Amino acid sequence: MLNHHRPTLQCFLLALLLLACTWKEAAGSLGEGRKLWQKPKPEPIIPDESFLYDTFPSGFLWGSGTSAFQTEGSWDQGGKGASIWDHFTHSSVSGNLTTETANVASDSYTLWEEDVEALKYLGVRSYSFSLSWPRLFPDGNARSQANTAAVEHYMRLIERLLENQIEPIVTLYHWDLPQVLQEQYGGWKNDTVVGLFEDYAAFCFHTFGRRVRYWLTMHNPYVVAVHGYGTGVHAPGETGGPAASLIVAHNLIKAHAKAWHTYNTHFRPAHNGKVSIILGSHWVEPQKGQATTANVELCQQSIEAVLGWFANPIFGDGDYPASFKTKHEALLPAFSPEEKLLVQKTADFFALSFGPNNLRLGRNLVHYGQSVTPDLRRILGWIKLEYGDPKVLLAEGGWFSEASVGREDTVAIYLMKKFINQVLQAIRIDGMQVFGYSAWSLVDGFEWNYGYGIRRGLFYINFSQPNRTRTPKTTAQYYRRVISDNSFLRDETSRDLKGRFPCDFHWGIADSTLQFTDPHLYSWNLTGDGSLRLVPGVKLRTSRAQCTDYLAIRGHLRLFVSTGASHYRFALNWSLILPQGDRSSVNTEALRYYRCVLTELKKLDLEAVVILYYPTHRDPNLGLPGPLHASGGWLNYSTVEAFQEYAALCYKELGSWVRYWVTVNEPNRLVDVYSSGKEKHQAAHNLLLAHAKAWRVYEREHSSQQRAMVSLALHADWAEPANPFLESHTAAAQRFLLFELGRFLDPLLGPRYEEMQSKGDYPQEMKAYLKERAQVMGLPGSPLPSFTEAEREELRGALSFIALNHFTTRLVSPFPHTQSNFQQRQPPDHGCLTLTDPTWPSSSMGQALVPWGLRKILSWVTERYGGDLPVIITGSGVDDQAPVEDKLRQHYLRSYLQEALKARHLDGVNLQGFYMWKLQDRHAAQFGLFTSTHHQSKAKASLTVYREIITHGGFPEDNTTQPCRLSGLQQPCSTCAWLFNNKALLVFGGCLLITAVMLAALVIFVIITRNQRRGRGRAVSRMTRRRRKEVCSCPTVVKH
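No experiment lies behind these values; they were computed from the predicted model shown.

A. Quick look at the overall build of the protein chain. Scanning the protein chain for helices and strands turns up 38 helices and 29 strands. Looking at the 1040 residues of the protein chain, the share that counts as buried comes to 56%. Contacts in the protein chain between residues at least 24 apart in sequence constitute 78% of all its contacts with a sequence separation of at least 6. By element, 53% of the accessible surface of the protein chain is carried by carbon and sulfur atoms, the whole surface being about 44200 Å².

B. Representation of the pattern of salt bridges within the structure. For the structure shown, the criterion picks out 48 salt bridges. For Lys35, the salt bridge identified is with Glu32, shortest N-O distance 2.6 Å. Look at Glu32 and you get partly exposed, because its relative accessible area is 25%. A salt bridge links Glu765 to Arg864; the shortest N-O distance between them is 3.5 Å. Residue Glu765 is located in helix α30 (residues 764-777), and its partner Arg864 is located in helix α33 (residues 852-865); the two are separated by 99 residues in the primary sequence.

C. Structural context of the packing of helix α25 (residues 637-654) against helix α27 (residues 677-701). Where α25 meets α27, the axes come as close as 9 Å, and the angle between the chain directions of the two elements is 30°. Judged on the interaxial angle alone, α27 and α25 are roughly parallel. Helix-helix and strand crossings are classified by hand; for α25 and α27 the assignment is right-handed. Along the contact surface, α25 presents Tyr637, Val640, Phe643, Gln644, Ala647, Ala648 and Tyr651, while α27 presents Asn686, Leu689, Ala690, Lys693, Ala694, Trp695, Val697, Tyr698 and Arg700. Looking at the contact of α25 with α27 residue by residue, the class counts come to 12 nonpolar, two polar and two charged.

D. Region of interest: the sheet that holds strand β21 (residues 660-665). The eight strands are arranged β16-β19-β20-β21-β22-β24-β27-β28 in a closed barrel whose pairing can be described as parallel. The sheet shows a mean angle of 25° between the axes of neighbouring strands, taken without regard to direction. In this sheet, strand β28 (residues 911-917) lies alongside strand β27 (residues 871-876) in parallel orientation, the contact comprising four bridges. Directly across from Ile873, in β28, lies its bridge partner Phe914.

E. Spotlight on the packing of aromatic side chains. Overall, the coordinates contain 67 aromatic pairs when judged by the stated rule. Over the aromatic face of Tyr109 sits the side chain of Arg135, whose NZ or CZ is 3.9 Å from the ring centroid. Over the face of the ring belonging to Tyr769 we find Arg735, whose NZ or CZ atom lies 4.3 Å from the ring centre.

F. Quick look at the state of the cysteines. All told, the structure shown has one disulfide when counted by the stated rule. Residue Cys503 pairs covalently with Cys964 via a disulfide, S to S 1.8 Å. Between Cys503 and Cys964 the disulfide shows an S-S torsion of about -100°. By sign, it is left-handed. Here Cys964 lies in the loop between β29 (954-955) and α36 (965-968) and Cys503 lies in the loop between β15 (499-500) and β16 (506-513), a separation of 461 residues in the sequence.

G. The arrangement of α33 in detail. Between its first and last C-alpha, α33 extends 20 Å over 14 residues, near the 20 Å set by a 1.5 Å rise per residue. Counting buried positions along α33 yields 10 of 14 residues, so the element is predominantly enclosed. All of the buried residues in α33 are Gly853, Leu854, Arg855, Ile857, Leu858, Trp860, Val861, Thr862, Arg864 and Tyr865. With its phi angle positive at about 80°, Gly866 sits one or two positions after the end of α33.

H. Representation of a nonpolar patch on the surface in the model. Side chains of Leu999, Leu1002, Phe1005 and Val1006 sit close together on the surface and give an oily, nonpolar patch of about 390 Å² of accessible area. One can find Leu1002 in helix α38 (residues 983-1032).

I. Structural context of the side chain of His219. Residue position: His219 is located in strand β4 (residues 214-219). Among the polar contacts listed, one links the side chain of His219 to the side chain of Glu396, at a separation of 2.8 Å. If we ignore the near neighbours within four places in the chain, the residues touching His219 are Thr171, Tyr173, His174, Trp175, Ile278, Ser353, Glu396 and Trp440.

J. Seen up close, the nonpolar core. Core analysis: the biggest nonpolar cluster contains 144 residues, and Leu131, Trp133, Trp188, Trp215, Tyr437 and Tyr479 have the highest contact counts within it. Residue contacts for Trp133: discarding those within four places in its chain leaves Gly140, Tyr173, Asp176, Leu177, Pro178, Leu181, Trp188, Val193, Leu196, Phe197 and Tyr200. Of all hydrophobic cores here, the second largest spans 140 residues; its members include Ala510, Leu622, Val812 and Leu943.

K. Region of the structure containing the packing of helix α34 (residues 887-905) against helix α35 (residues 941-952). It is the contact of α34 with α35, at a shortest axis distance of 8 Å, that shows an interaxial angle of 20°. Taken as axis vectors, α34 and α35 run roughly parallel relative to one another. Like other packed secondary-structure pairs, α34 and α35 cross with a definite hand, here right-handed. Residues Arg889, Gln890, Leu893, Arg894 and Leu897 of α34 lie in contact with α35, whose contacting residues are Ala941, Ser942, Val945, Tyr946 and Ile949. Tallied by class, residues from the contact of α34 with α35 come to six nonpolar, two polar and two charged.

L. Main features of empty space enclosed by the protein. The full count for this structure, using the stated rule, is six cavities of 30 Å³ or more. In terms of lining, the largest cavity is formed by 17 residues, of which the most central are Trp399, Ala412, Trp440, Arg456 and Thr475. Every element with two or more residues in the lining of the largest cavity is listed here: α19 (410-428) and β11 (433-440). The dominant element in the lining of the largest cavity, judged by the number of residues it contributes, is α19, at three residues.

M. View of α35. Relative to the 16 Å expected for 12 residues at 1.5 Å per residue, α35 spans 17 Å between its end C-alpha atoms, a close match to the ideal helical length. Counting buried positions along α35 gives 10 out of 12 residues, so the element sits mostly inside the fold. Three or more residues of α35 are buried, namely Ala941, Ser942, Leu943, Val945, Tyr946, Arg947, Ile949, Ile950, Thr951 and His952. Looking one or two places after α35, you find Gly953, whose phi comes out positive at around 75°.

N. Broad picture of the sheet that holds strand β5 (residues 274-280). Read once around its circumference, the closed barrel built from eight strands follows the order β1-β2-β3-β4-β5-β7-β9-β11, with strand pairing classed as parallel. The average angle at which neighbouring strand axes cross in this sheet is 25°, direction not considered. Relative to strand β9 (residues 391-397), strand β7 (residues 350-354) runs parallel, the two being bridged by five bridges. From the neighbouring strand, Phe350 faces β9, where its bridge partner is Val392. Running at roughly 160° to strand β3 (residues 167-173), helix α9 (residues 192-208) makes contact with β3 and β4 of the sheet. Helix α18 (residues 376-387) rests against β7, β9 and β11 of the sheet, and its axis sits at about 150° to β7.

O. Local environment of the pairing of β7. Among the five residues in β7, five count as buried, and that is most of the element. Residue alternation in β7 divides its side chains into two sets, Phe350, Leu352 and Phe354 and Ala351 and Ser353, and both sets are buried. Looking at chain direction, β5 and β7 are connected through three bridges and run parallel. Within β7, the residue paired with Ile278 across the bridge is Ala351.

P. Examining unusual backbone geometry more closely. Cis geometry is found at the peptide bond from Trp440 to Ser441, where omega equals -5°. Looking at where Ser441 falls in the secondary structure, it is placed in the loop between β11 and β12 (454-455). Residue Lys918 follows Trp917 across a cis peptide bond; omega there is 0°. Its location among the elements puts Lys918 in the loop between β28 and α35. Here the phi dihedral of Asp605 falls at roughly 60°; this positive angle occurs in a residue that is not glycine. Within the secondary structure layout, Asp605 lies in the loop between α23 (588-603) and β20 (607-613). At Ser937, a position not held by glycine, the phi torsion is positive, near 50°. Classification of Ser937 as buried rests on a relative accessible area of 10%.

Q. Structural detail: the environment of Glu159. Its place among the elements puts Glu159 in helix α7 (residues 148-163). Overall, Glu159 belongs to the partly exposed group, its relative accessible area being 29%. The spatial distance from the C-alpha of Glu159 to the C-alpha of Arg211 is 7.9 Å, given a sequence separation of 52 residues.

Here is what the cut-offs are and how they apply
- Residues numbered from 1 in each chain as written.
- Predicted model: local features only at pLDDT ≥ 70, side-chain atom pairs only at ≥ 80, totals over all residues.
- Heavy atoms only, no water.
- Helix = DSSP H or I, 4+ residues; strand = E, 2+ residues; numbered from the N terminus.
- Buried < 20%, exposed > 50% of the residue type's maximum accessible area, 1.4 Å probe, protein only.
- Contact = heavy atoms within 4.5 Å.
- Areas by Shrake-Rupley, 256 points an atom, 1.4 Å probe, with all protein chains shown as cover.
- Salt bridge = Lys/Arg side-chain N within 4 Å of Asp/Glu carboxyl O.
- Axes fitted to C-alpha atoms, helices over the stretch in contact; angles between N-to-C directions.
- Parallel < 35°, antiparallel > 145°, perpendicular 65-115°, else oblique.
- Left-handed = near helix turned anticlockwise from the far one by under 90°.
- Nonpolar A, V, L, I, M, F, W, Y, C, P; charged D, E, K, R; others polar.
- Pairing = 2+ DSSP bridges.
- Phe/Tyr/Trp six-rings, centres within 6.5 Å; stacked < 30°, edge-to-face > 60°.
- Lys NZ or Arg CZ within 6 Å of the ring centre and 35° of its normal.
- Disulfide = S-S within 2.5 Å.
- Expected span 1.5 Å × (residues − 1).
- Patch = residues over 30% accessible without salt bridge, like charges linked within 9 Å, V, L, I, M, F, W, Y side chains within 5 Å.
- Polar contact = N/O pair within 3.5 Å; in protein donor to acceptor, adjacent residues only side chain to side chain.
- Core = buried A, V, L, I, M, F, W, Y, C linked by side-chain atoms within 4.5 Å.
- 1 Å grid on protein atoms, 1.4 Å probe; cavity = no way out; pocket = protein on both sides within 12 Å on 5 of 7 lines; lining within 4 Å.
- Points joined across faces, edges and corners; volume = space filled by probe spheres on them.

Scope: geometric values only; no functional claims are made or implied.
Following this line, the structure appears as structure tokens:
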């Protein structure tokens, strides 16, 4: 037996004295973690906050890890004794949790050399593995004879690692307590096991210490205490509740501390290594993002109840958190003053485990009503605030995949990307001292209570095959690349470009169907802020839209003019114009109303882009006239003919004022409402024919005089292969684009490499895929309808420009093509699944902001269909709940228009316009550049950004106004804006003025009337006197 010993009492007291002399008061920083929730979270749109492109420190300790029980196998071979997990999986103790065992597992005890080769493939600098206590000491007593075979096995492994410049990081205990100690003492509930662990640690330090620089006493003791002895989910399967868990945790902390002191006293001077303990944690954010004092306190208590439970005694003041003591009171064992000194500062660095064991197990026990979220950067920040900026090793980082995923663990790539980048942000932005990251785990293994149902390995193992071959998964390929780069490298194409769009570029605003009549009732100025508030449950009868609604039309267009945009895209209401779906009933007032809007636009020298049919899911008829929808809608060919008739009417009545027509908005989204694949294809088929017929009507009857351009607008999000290491994902992304765009554009334009006679049909790739898919599913044939030769002729070339609505990018992967999958879940027609990258910034509605996706979709369209036709982005925008300072939308505008500029200048895309969705919110803050009328139509900050870009014509070097816009740019009228914003005051003032004028007129009238009467009175008096004179003044008689 190798010699080893416990520290003597004198040495132990000396160590405590030295510790007391050198220990710095840490309690002053305890509780500081609250500040993390109290200050606002960084905006994801701030550069480097959503994703940081930077380099890891030189010498960063990249690694991977495993645990003995999960991977070694050989459970009863080579002199190994039984562990509590062997007993747990072999007996009925585990209940129905798992029926599988780790008897063979990954067979790493035998195939350890293959594990080293796997590490070399990754290029890691460290390997974290655990020693098996029952393999080294079957009876659990390190004072007895050690198992020589086990000692030699671990020695060989360590030597081979060092030969390959891989640092061994050795864990003494990863949950596999010798079963004999459980039976004899009750396991970790008994303080005796603390002393036995101290002996075991001393043996390991003595035996392997000269070759090992990093030691970890135990792995995530929280799981052992809570789920091993409290809930019974883990071995030994005891259900002692909180009381048992608290005792076990107390003993685990003391065991760790004694092991640390053993190393510090007896082995550190010679071996110069470092010792710590792996602590696991989750993370929580305040409920609904409300960082109230109460919520912040609950968040703090949640982390203290898991991480703080163990970290406070070890990294803090030697005692449990105050909130934890208050919660558990009499159940919680107390540390004596001597024990506090024993456990304080017994770690040379902070080793953190961040993965599913804490985030999945017992979520409801510790979140205190707050929102659990896997934010590694935030928990690192909390550790820094709480425990004085320790050096940190990410001893376990990673997530899991379902077993059925196999080697193509795509989702795990993005979670790995997120976690590792959060570590980089913590280092470079937050100043954390993180010196290593261990991706968990190296190989697939036995995942505790989940058995083999989930996988966490970077290397795939087929457990049904005896050879247990290690095959790298795509996460291994991704991790290998990150390690090789030691960084996240920024793509050169992400640099901003200086330049301008052409003078005739469409700077547009996109809206849906115009609606100026509102049946709701509002109260005004109830709170003294001058705002309108909806009165719920009240609707008024409103008059039909008519030209006398000029105030609403002009007010709406006044907002539009203030944007500086030149083109306004809006939709007509088919069901309003033709309520019956045919010419038997034409709503002339509706046509007159739209004519008014168009004439007002012309007066303002603005161009209209008019959509004939704007499908909406809010309408039960999908925007169709009721009778057409009732007769089958787009599944019925009669709707195609009805649309042609409707289009002809609109061209005739409104065409004089319209330069750009869009027949159907987003037909590729409309077909999603149909349940079966056959119906989707038939609806798309008829929508295409309806567009072509409408286009041909215009070409024959109106094009020569009106000279407008006609198109249809497609929803055009970019499809990026979800897994960059798999050709099947690249093929799936291309197939997704063909179903989304090619299904409609190929029949109209055809790929540029096809001969003219071959055009007018669906993409050949799509047809072949659907045919093959039908065979796999056992269907009689492809569900895709066929065009007649006459229809193909009508379709060819029926497009004047390419209109695309682009908002985001989707990651695309193939849907598994197996019969069982088809039976369990109906796959989409394109056979693709979509997901998103969690490192992409996103809006409150979940829309990911991926600017480079716009450039890629524009390049894809140009590459497939050539650059002859103009391309116009007829709709693009993002929701932003900010009432006025909409920072997310400002970022969206700048970044997406940057990519549009690159597409035009660098990629040769014939891009002719960009339309921002949309002008004004209808109710709550969402996509509008202006708030709703209920919120006084206030301009948001993004309006200024858009107007500046329009004024400059893009992003010029000198930041000056585009010369061609100096004369033509619509300048804002400050007086008009003031008048518009003070309508109520003006009406009141007008009434006062009219009243005053009327009163003045009345006064003047009275005065004049009186004067006239007086004048007439004086005239009569004079006449009377004159007459009297004439009658009475006789000639004087002269007497002689």
